[in-house]
Amino acid sequence: MPCVGDWLNSPLSIVQGIFAQNAPNSDWEKKVTEYFKEKLKENNATNWVPSLNDVPVHYLKPNSLVKFRCMVQDMFDPEFYMGVYETVDPNTNARVLHFGKYRDVAECGPQQEIDLNSSQTVTLERQTFYCVPVPGESAWVKEISFLTEPVQARVSPSTSYTPSRHKRSYEEDEDMDLHPSKQKEQHVGKSSGGDIHGCVEPKRLETEASAGHHVISPNCSPPLDLNFPLPGEKGPACLVKVYESWESFKVNDVLEVFGVLSVDPVLSIVNSEERDSSTLDPMECMDTAEEQRVHSPPASLVPRIHVILAQKLQHINPLLPACLKDEESKTCEFVSNFMSELSPVRAELLGFLTHALLGDSLAAEYLILHLISTVYARRDVLPLGKFTVNLSGCPRSGAFTEHLYRLIQQLVPASYHLRMSIESMNHSRFVPRKDYTANRLVSGLLQLASNTSLVIDETQLEQGQLDTAGVHNVTALGNLITWQKVDYDFNYHRMEFPCNINVLITSEGRSLLPSDCQVHLQPQIIPPNMEEYMSSLLTAVLPSVLNKFRIYLSLLRLLDYSISDEVTKAVEEDFVEMRKNNPESVTADDLHKMLLVARFLSLSAGQTTLSRERWLRAKQLEALRKARLQQQQCVNGNEL
């Protein structure tokens, strides 16, 4: 068990020590990064760092080390800051050198002034990202991440004040946002001279920055939009300030950041004064009031994290090692152990999904292939590996898709259920757009993290008229499915943002949207009570088995895959033979689809290369699927 010392509770004191020993040599910054990197490697020390995903910000100590699992929703302009500066005592003329990194407000002790004309001053640049919790993150991901943390990391109440209630989670804090009159101000005692804000005696506003798009800010009359892509999202939004290698991060990336938490009330006071001041020369302040409000929200509602370490996440499944590309023995052992028991896990998952799909084992096979599919490469504009499935023939009654989605939600780390209706198409914002007044990217429903499962329900779609916005939204869905990209609206032009979203469409007949594969559902059982039937499926699965399903689906989409020259030649010869028998029945598109099915069929069995056996099985599945569609066409000529 690692000792929770100064590096966790007071990281700035560690930085100060390294700075004092090495300044003005620029190597001090590199040594800080190396120090914390080594500390976080010790005995699962990352689990000891409190997470903003789990603990409300007002229970965390200001200027302590925190972590945050998030998606980059927007990228603000770079900002300049004083990397190194000097203070002087007017009485004694004594000078002290300070670092400005990892801070929002310059340190200025009693009887000290900042010498802005000092030759020691170093101006540097940092990048600010506006980050939100991963959209559609499943409840089980949050729960498992929360439970893996030691109790000390979960509690860690702020030492600057005592909360007037017992600790609550973000989900329980939602009431405070809906009733801002419950928010209270609480005085903070004067800081000591060594504190970063020794000269200031502000009030700390105890607020709950939790769920919903809108939070009432004490400094703004209109509500503060936290800009979450999906409705009903919970958790904090943060301004993440990155000091190194920010070029490697981009909008929609999923990150885990470790950094210094900054919730200083001075930020709110300064920002409020800037907005309220009528003496500002418009020529001196180019930012609009709206831009200031959005880019400098109260720190109690949108905390700042000054990043010491950050990494892109391959996945957000807490049951898997964070990076499966590592050659570490623990990671290799985990993968090899799980792969050795893959066959029974697949069989159990197939049985579970067969029951969920009302006894249809063929549809369950294709659902497994869909859930492990991923865009593994792009050739020109064509995304390779996407596998959008249209599950037609779904029952309209009994809210079948709703219950199926709830089961999928228990299997995948992130998902969203899009109920397709004339009203939702006409009145929802699917595509993010640039707001030039506030200088920010306004989020939309399709701003999702990579590998999110998007379930589109067409079964409730009725006749009606799509307006201009509705047509644009349907077009955006089509582009997402076909090209795996979303064209963000920048008013004067559109900018392509590539994505990797697993789309499952449920419908009665053939979907209005494009798909890679249509599977017609053939229910073998019609339960009298759909909700009771689907709920019983989950309760019948042991938690340990459910976790194996979750590992299975996340792990297999990360495996590499290849086809040997020998098998490639055999597949080509087989395709030529099929064309000889019936040239019109097998096209190049059919070959591409069979290769795609063969790919995911191999991976679903834990095989990273295509074998003759898997190729024949893929052909068999495709023949069964097509025969079923032909049978349905005889019943309903509009089906195909």
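Reference entry: report on the structure contained in this document. (Residues numbered from 1 in each chain as written. Predicted model: local features only at pLDDT ≥ 70, side-chain atom pairs only at ≥ 80, totals over all residues. Heavy atoms only, no water.)

## Concerning a nonpolar patch on the surface
(1) Moving on: Taken together, the side chains of V381, L382 and W483 make up a nonpolar region of the molecular surface, amounting to roughly 280 Å² of accessible area.
(2) Moving on: Positionally, L382 belongs in strand β14 (residues 382-384).
(3) Moving on: Using a relative accessible area of 40% as the deciding quantity, one classes L382 as partly exposed. (Patch = residues over 30% accessible without salt bridge, like charges linked within 9 Å, V, L, I, M, F, W, Y side chains within 5 Å. Areas by Shrake-Rupley, 256 points an atom, 1.4 Å probe, with all protein chains shown as cover. Salt bridge = Lys/Arg side-chain N within 4 Å of Asp/Glu carboxyl O. Helix = DSSP H or I, 4+ residues; strand = E, 2+ residues; numbered from the N terminus. Buried < 20%, exposed > 50% of the residue type's maximum accessible area, 1.4 Å probe, protein only.)

## Description of the pairing of strand β2 (residues 79-88)
(1) Moving on: Most of β2 sits out of view: 7 of its 10 residues are buried.
(2) Moving on: Pairing analysis gives 5 bridges linking β2 to strand β5 (residues 122-132), with the strands arranged antiparallel. In the sheet register, F80 faces β5, and the bridge partner there is E125.
(3) Moving on: As paired elements, β2 and strand β3 (residues 95-99) share 5 bridges and run antiparallel to each other. Across the sheet, T87 pairs through a bridge with V96, a residue of β3.
(4) Moving on: Taken together, β2 and the strand that follows it, β3, pair antiparallel across an intervening segment of 6 residues, in which N93 is found at a positive phi of about 65°.
(5) Moving on: Relative to strand β4 (residues 113-114), β2 runs antiparallel, the two sharing 2 bridges. Looking across to β4, one finds that V88 is bridged to E113. (Pairing = 2+ DSSP bridges.)

## Overview of helix α4 (residues 139-147)
(1) Moving on: Of the residues making up α4, those classed as buried are W140, V141, I144 and S145. Each buried residue of α4 sits inside an arc of 130° when the element is viewed along its axis, so together they form one side.
(2) Moving on: Looking at the buried residues of α4, the elements they touch are β1 (65-75), α12 (400-409) and α16 (543-556). (Arc of directions from axis to C-beta. Contact = heavy atoms within 4.5 Å.)

## Here we look at the environment of N426
(1) Moving on: By the secondary structure assignment, N426 is in helix α13 (residues 422-427).
(2) Moving on: With 39 residues separating them in the primary sequence, N426 and Q465 have C-alpha atoms 9.0 Å apart.
(3) Moving on: Non-local contacts of N426, meaning those with residues more than four positions away in its chain, are made with Q465, L466, D467, A469 and G470.
(4) Moving on: A polar atom in the side chain of N426 sits 3.0 Å from the backbone nitrogen of D467. (Polar contact = N/O pair within 3.5 Å; in protein donor to acceptor, adjacent residues only side chain to side chain.)

## Examining helix α15 (residues 530-540)
(1) Moving on: Listed as buried for α15 are M530, Y533, M534 and L537. Along the axis of α15, the buried residues cluster in a sector spanning 95°; they form a single face. In α15, the exposed residues that point more than 90 degrees away from the buried face are E532 and T539.
(2) Moving on: Residues of α15 that are buried make contact with α10 (342-356) and α12.
(3) Moving on: Measuring from the side-chain oxygen of the N-cap residue of α15 to the backbone nitrogen of E531 gives 3.2 Å; that N-cap residue is N529.

## Re the pattern of salt bridges
(1) Moving on: One pass over the structure, following the stated rule, counts 31 salt bridges.
(2) Moving on: Between E496 and K485 there is a salt bridge, with its nearest N and O atoms 3.7 Å apart. Here K485 lies in strand β20 (residues 485-489) and E496 lies in strand β21 (residues 494-498), a separation of 11 residues in the sequence.
(3) Moving on: Accessibility expressed as a relative area gives 15% for K485, which makes it buried.
(4) Moving on: One continuous salt-bridge network, built from bridges that share partners, spans E79, D104, R126 and K241.

## A few points about the layout of surface pockets
(1) Moving on: A volume near 1,600 Å³ is recorded for the largest pocket.
(2) Moving on: What lines the largest pocket is a set of 41 residues, among which T46, E256, Q311, A322 and C323 lie closest to the centre.
(3) Moving on: Residue assignment for the lining of the largest pocket shows that the elements contributing at least two residues are α3 (27-41), β1, β11 (254-262), β12 (304-312) and α9 (329-340).
(4) Moving on: Here the lining of the largest pocket gets 5 residues from one element, more than from any other, and that element is β12.
(5) Moving on: Taken together, the residues of the lining of the largest pocket sort by class into 17 nonpolar, 13 polar and 11 charged.
(6) Moving on: Three or more residues apiece are contributed to the lining of the largest pocket by two domains, here domain 1 (50-150 + 229-271 + 289-312) and domain 2 (329-557).
(7) Moving on: Of the pockets and cavities examined, the second largest pocket occupies roughly 1,100 Å³.
(8) Moving on: Forming the boundary of the second largest pocket are 40 residues, of which Q314, T374, S450, N451 and N500 lie nearest the centre. (1 Å grid on protein atoms, 1.4 Å probe; cavity = no way out; pocket = protein on both sides within 12 Å on 5 of 7 lines; lining within 4 Å. Points joined across faces, edges and corners; volume = space filled by probe spheres on them. Nonpolar A, V, L, I, M, F, W, Y, C, P; charged D, E, K, R; others polar. Domains from an automatic or database assignment.)

## Quick word on the sheet that holds strand β16 (residues 415-419)
(1) Moving on: The 5 strands lie next to each other as β16-β19-β22-β15-β23, forming an open sheet whose pairing is parallel. At either margin of the open sheet sits one strand with a lone partner, and together these are β16 and β23 (517-520). Neighbour-to-neighbour, the strand axes of this sheet turn through a mean angle of 20°, independent of strand direction.
(2) Moving on: Bridge count for β16 against strand β19 (residues 453-457) is 5 bridges, and the pairing is parallel. (Axes fitted to C-alpha atoms, helices over the stretch in contact; angles between N-to-C directions.)

## Some thoughts on the environment of L555
(1) Moving on: Assignment of secondary structure puts L555 in helix α16.
(2) Moving on: Along the backbone, L555 and L324 are 231 residues apart, and their C-alpha atoms lie at a distance of 8.6 Å.
(3) Moving on: With sequence-adjacent residues up to four places away left out, L555 is seen in contact with L320, L324, V335, F338 and M339.

## Some details on the packing of aromatic side chains
(1) Moving on: Summed over all chains, the structure comprises 12 aromatic pairs.
(2) Moving on: Summarising the aromatic geometry, the rings of W28 and F99 are spaced 5.9 Å apart at their centres and angled 55° between planes, so their arrangement reads as tilted. With W28 in helix α3 and F99 in strand β3, the pair connects residues that are 71 residues apart, well separated along the chain. Both residues of the pair, W28 and F99, count as buried.
(3) Moving on: Their ring planes at 75° and their centres at 6.3 Å tell us that F129 and F249 sit as a pair that is edge-to-face. With F129 in strand β5 and F249 in the loop between β10 (238-242) and β11, this pair connects stretches of sequence that are 120 residues apart. (Phe/Tyr/Trp six-rings, centres within 6.5 Å; stacked < 30°, edge-to-face > 60°.)

## Points about unusual backbone geometry
(1) Moving on: Notably, N63 is not glycine yet its phi reads approximately 65°, a positive angle.
(2) Moving on: Judged by its relative accessible area of 21%, N63 falls in the partly exposed class.
(3) Moving on: Residues other than glycine seldom take positive phi values, yet D380 does so here, at roughly 60°.
(4) Moving on: Position of D380 among the secondary structure elements: in the loop between β13 (377-379) and β14.
(5) Moving on: Judged by its relative accessible area of 76%, D380 falls in the exposed class.

## Looking at the packing of α10 against helix α11 (residues 361-371)
(1) Moving on: Where α10 meets α11, the axes come as close as 8 Å, and the angle between the chain directions of the two elements is 120°. Relative to α11, the element α10 is oriented oblique. Once α10 is placed against α11, the crossing between them reads as right-handed. For the pair formed by α10 and α11, the contact residues are R346, L349, L350, L353 and T354 on the first element and S361, A364, E365, L367, I368 and L371 on the second.
(2) Moving on: Looking at the contact of α10 with α11, its residues break down into 7 nonpolar, 2 polar and 2 charged. (Parallel < 35°, antiparallel > 145°, perpendicular 65-115°, else oblique. Left-handed = near helix turned anticlockwise from the far one by under 90°.)

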